[in-house]
Amino acid sequence: MTEKMLKFVSLEKKMPPKRAADNRRQDFNEIYDEFDQDRAKEQASRCSQCGIPFCQVHCPVQNNIPDWLMMTAAGRLEEAYEVSQATNNFPEICGRICPQDRLCEGSCVIEKGFNSVTIGAVEKYITDTAWENGWVKPTKPVVEREQSVGVIGAGPGGLAAADQLRKKGYQVHVYDRYDRAGGLMIYGIPGFKLEKEVVERRSRLLQDSGITFHLNFEVGRDATLAELRERHDAIVIATGVYKSRDIAVPGSGLGGIVPALEYLTASNRKGLGDDVPAFEDGTLNATGKNVVVIGGGDTAMDCVRTAVRQGAKSVKCLYRRDRKNMPGSLREVVNAEEEGVEFVWLSAPKAFLGDTSVTSVRAIDMHLGIPDSTGRQVPVEIDGSEHDIPCDLAIKALGFDAEDIPTLFNEPKLDVSRWGTISVNFKTAMTNLDGVFAVGDIVRGASLVVWAIRDGRDAAASVHQYLEKRAASEKRALAS
Ligand code: FAD
Ligand code: SF4
Ligand code: SF4
């Protein structure tokens, strides 16, 4: 088999073809085409089948990457899919949106000198092929168990936990305040990174597997946590983080200054065919406007690229550090630049100007000073460098904090950290409340889809252990 591998010396790294920027600016479809089979085989064959595969070590779900690459190179795609789905509930989603340059591909040993294997694109190809060929099937548990588990939140963390628990035969109920499942995968991340049908077909599959969805159901409004604990034998909280960080500068109350997630949700809903009044009336729509996005993370990248597709007059991204020190993926910066976004590095807002609505952002230039305790250089203002940037839509993309879950859920005893994230036992994912587990962003703070999946899988294993133990002790009590 190894004669099919180790081709990195003679074969160059090639990503699937990327659509031309002019063309992709016109719609919200994904920007990469699919590999064809020959190209997928060829790219998979570049892997050197490392004895200690650092790609796998640095993949949060520890995917068995060398094995599925080897199977792809040999044209054994159904087996490749079986191996790939054994460790990841949504491989086609991770293949599309993991920041591979910071995870698996960034750790690939041939990266230095030969450019990494295109792991994400092959993972996407394997699973998309599996869907096309009908290899992805609803779960049919070997045993049906009476015990039920309530999962609060239908994002990747909650859905991965639900999927794993259903495989064990539990009766799984997922509650979400939105009208669609998927969490940020459906309403946060734009279609040009992750087409919505990819998420919706997963939600349908989970439903066909026997998971019951209670949508438009907000815990805190429609039931308290205590009520759900009465209803179910265990609970998994996977509510994510949604409180936008604000900018405290003069003029921040003016019209035309909007939080990133409201803006992206409106755009995603519009794409899904919903009625979105705030989009129609222009409040959350960039068409014809000078747009300034403030922030340097992945959310900011998604906002600038959405604004371009909505037909903004100009799109600028203001970030207080430089290109090298931004938290977002470099690959997304390149995509944004190709699509016509202008990055204003080392620049921060000092004020928003305008009468009732914003007309410009007063920005100040920064330089990077000495590193702080985290090792990052601190941005420092350059006196007298203020300048005004025309703006009629300012989008704040400065990150997210946790909502006050104990108050929302009417459960003051639930332990949270000083940042409001839920505190869990890191071995079991259980909170301080018996039988209540928590996963994903609400535990880690804003993170990644693949980490939420990992947490959901780990928590499901812990829930299973907990319920087995409880059932055994109930049996013993009955017998005595
Ligand atoms: P979420 O996906 O946030 O899901 C939480 C769910 O809980 C939601 O559906 C919500 O409606 C529901 N909920 C909340 N409160 C309640 C309640 N009281 N009652 C009932 N339901 C409730 N990650 C990547 O890996 N790659 C990317 O490219 C990427 N891009 C991103 C772009 C944007 C704009 C954003 C905001 C995030 C991005 N992320 C990306 C991060 C990623 O989306 C999150 O880390 C991930 O979705 C977290 O999963 P989760 O299940 O913890 O929470
Ligand atoms: Fe890479 Fe993400 Fe796939 Fe892991 S899940 S192999 S990190 S793309
Ligand atoms: Fe293959 Fe790179 Fe992983 Fe090594 S690190 S097994 S070369 S993908």
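This structure is a prediction, so every number in the text was calculated from the model and none was measured.

### Details of the overall build of the chain
Across its full length, the chain carries 19 helices and 16 strands. Here the C-alpha atoms of the chain give a radius of gyration of 24 Å, agreeing with the 23 Å that 2.2 N^0.38 yields for 480 residues. Projected onto its principal axes, the C-alpha coordinates of the chain cover approximately 80 × 60 × 45 Å. Relative to its full complement of 480 residues, the chain shows a buried share of 54%. Counting only contacts in the chain whose residues sit at least 6 apart along the sequence, the fraction spanning at least 24 positions is 70%. With an accessible surface of roughly 21,200 Å², the chain has 50% of that area assigned to carbon and sulfur atoms. Side-chain charges in the chain split into 60 positive and 68 negative, and the spacing between the mean points of these groups amounts to 3 Å.

### Topic: the sheet that holds strand β2 (residues 171–175)
The parallel open sheet is built from five strands, whose spatial order is β3-β2-β1-β4-β16. Strands at the two margins of the open sheet, each flanked by one partner only, are β3 (212–214) and β16 (436–438). When the angles between neighbouring strand axes are averaged without regard to direction, this sheet yields 20 degrees. As paired strands, strand β1 (residues 148–152) and β2 are joined by five bridges and run parallel to one another. Within the sheet, the bridge partner assigned to V151 lies in β2 and is V174. Docked against the sheet, helix α9 (residues 156–167) engages β1, β2, β3 and β4 (234–237), running at close to 165 degrees with respect to β2.

### Details of the side chain of K196
Turning to its location among the elements, K196 is positioned in helix α11 (residues 196–208). Here K196 sits buried without a salt bridge, and the closest side chain of opposite charge, D302, lies 8.6 Å off (N-O distance). In terms of polar contacts, K196 uses its side chain to reach the backbone carbonyl oxygen of I186, at 3.2 Å. When sequence neighbours within four positions are dropped, the list of residues in contact with K196 reads M185, I186, I189, P190, G191, N268 and L272.

### Observations regarding the site of ligand 1
With respect to spatial proximity, 34 residues lie near ligand 1, and among them I97, D176, K193, Y242 and D441 are the closest. At a separation of 2.8 Å, an oxygen atom of ligand 1 approaches a polar side-chain atom of K193. Protein burial of ligand 1: of its 1,000 Å² of free accessible surface, 97% is covered by the chains. Contributions of two or more residues to the shell around ligand 1 are made by α9, α15 (298–309) and α19 (449–479). The residue makeup of the shell around ligand 1, split by class, is 18 nonpolar, ten polar and six charged. Mapped onto the domain boundaries, the shell around ligand 1 takes at least three residues apiece from domain 2 (148–241 + 402–479) and domain 3 (249–399).

### What about the environment of D392?
Here D392 shows up in the loop between β13 (387–390) and β14 (393–396). Expressed as a C-alpha distance, the spacing of D392 and K289, which sit 103 residues apart in the sequence, is 5.9 Å. Each residue touching D392, except ones within four places of it in the same chain, is listed here: G256, K289, N290 and V358. Of note is the side chain of D392, whose polar atom sits 2.6 Å from the backbone nitrogen of N290.

### Description of helix α5 (residues 77–85)
Burial in α5 covers these residues: L77, A80, Y81 and S84. On an axial view of α5, the arc spanned by its buried residues comes to 100 degrees, and they lie on one face. Where α5 is buried, its residues touch α2 (37–44), α4 (65–73), α6 (91–97) and α8 (119–132).

### Brief notes about the domain arrangement of the chain
On domain assignment, one finds that the chain holds domain 1 (7–132), domain 2 (148–241 + 402–479) and domain 3 (249–399). If you average the C-alpha positions of domain 1 and of domain 3, the two centres end up 31 Å apart. Listed per partner, the contact involves 14 residues of domain 1 and 16 residues of domain 3. Across the domain 1 to domain 3 interface the summed buried area is about 1,100 Å²; carbon plus sulfur atoms make up 41%.

### Regarding the nonpolar core
L69, V149 and I237 are the most contacted members of the largest nonpolar core, which totals 98 residues. The element that contributes the greatest number of residues to this core is α19, accounting for eight residues. Two domains share this core, each providing at least three of its residues, namely domain 1 (7–132) and domain 2 (148–241 + 402–479). The residues contacting V149, other than those within four sequence positions of it, are L165, Y170, Q171, V172, H173, H232, A234, V236, V463 and L467. One finds M301, A307, V308 and A312 within the second-largest nonpolar core, a separate group that totals 29 residues.

### Observations concerning the environment of M15
With respect to the helices and strands, M15 occurs in the segment before α1 (21–24). A residue is classified by how much of its surface remains accessible, and M15, at 30% relative accessible area, is partly exposed. In contact with M15, other than residues within four places in its own chain, are Y32, F35, T118 and R331.

### Regarding the sheet that holds strand β7 (residues 290–294)
With parallel pairing, five strands are arranged side by side in an open sheet as β6-β14-β7-β8-β9. The strands lining the two open edges of the sheet, one partner per strand, are β6 (257–259) and β9 (342–344). For this sheet the average axis-to-axis angle between neighbouring strands, irrespective of direction, equals 25 degrees. Relative to β14, β7 runs parallel, the two being bridged by four bridges. Paired with V292 across the two strands is A394, which belongs to β14. The sheet contacts of α15 involve β7, β8 (314–318), β9 and β14, and relative to β8 the element is tilted by about 170 degrees.

### A closer look at the pattern of salt bridges
Applying the stated criterion across every chain yields a total of 40 salt bridges. The salt bridge involving R19 is made with D27; its shortest N-O contact spans 2.7 Å. For D27, a relative accessible area of 21% translates into the label partly exposed. Taking the shortest distance from any N to any O, the salt bridge between R96 and E30 comes out at 2.8 Å.

How each quantity is defined
- Residues numbered from 1 in each chain as written.
- Chains lettered and ligands numbered in written order.
- Predicted model: local features only at pLDDT ≥ 70, side-chain atom pairs only at ≥ 80, totals over all residues.
- Heavy atoms only, no water.
- Helix = DSSP H or I, 4+ residues; strand = E, 2+ residues; numbered from the N terminus.
- Rg over C-alpha atoms; globule rule 2.2 N^0.38 Å.
- Buried < 20%, exposed > 50% of the residue type's maximum accessible area, 1.4 Å probe, protein only.
- Contact = heavy atoms within 4.5 Å.
- Areas by Shrake-Rupley, 256 points an atom, 1.4 Å probe, with all protein chains shown as cover.
- Lys, Arg positive; Asp, Glu negative; His and termini not counted.
- Charge placed at Lys NZ, Arg CZ, Asp CG, Glu CD.
- Pairing = 2+ DSSP bridges.
- Axes fitted to C-alpha atoms, helices over the stretch in contact; angles between N-to-C directions.
- Salt bridge = Lys/Arg side-chain N within 4 Å of Asp/Glu carboxyl O.
- Polar contact = N/O pair within 3.5 Å; in protein donor to acceptor, adjacent residues only side chain to side chain.
- Near = heavy atom within 4 Å.
- Nonpolar A, V, L, I, M, F, W, Y, C, P; charged D, E, K, R; others polar.
- Domains from an automatic or database assignment.
- Arc of directions from axis to C-beta.
- Buried area = accessible area lost by both parts, 1.4 Å probe.
- Core = buried A, V, L, I, M, F, W, Y, C linked by side-chain atoms within 4.5 Å.

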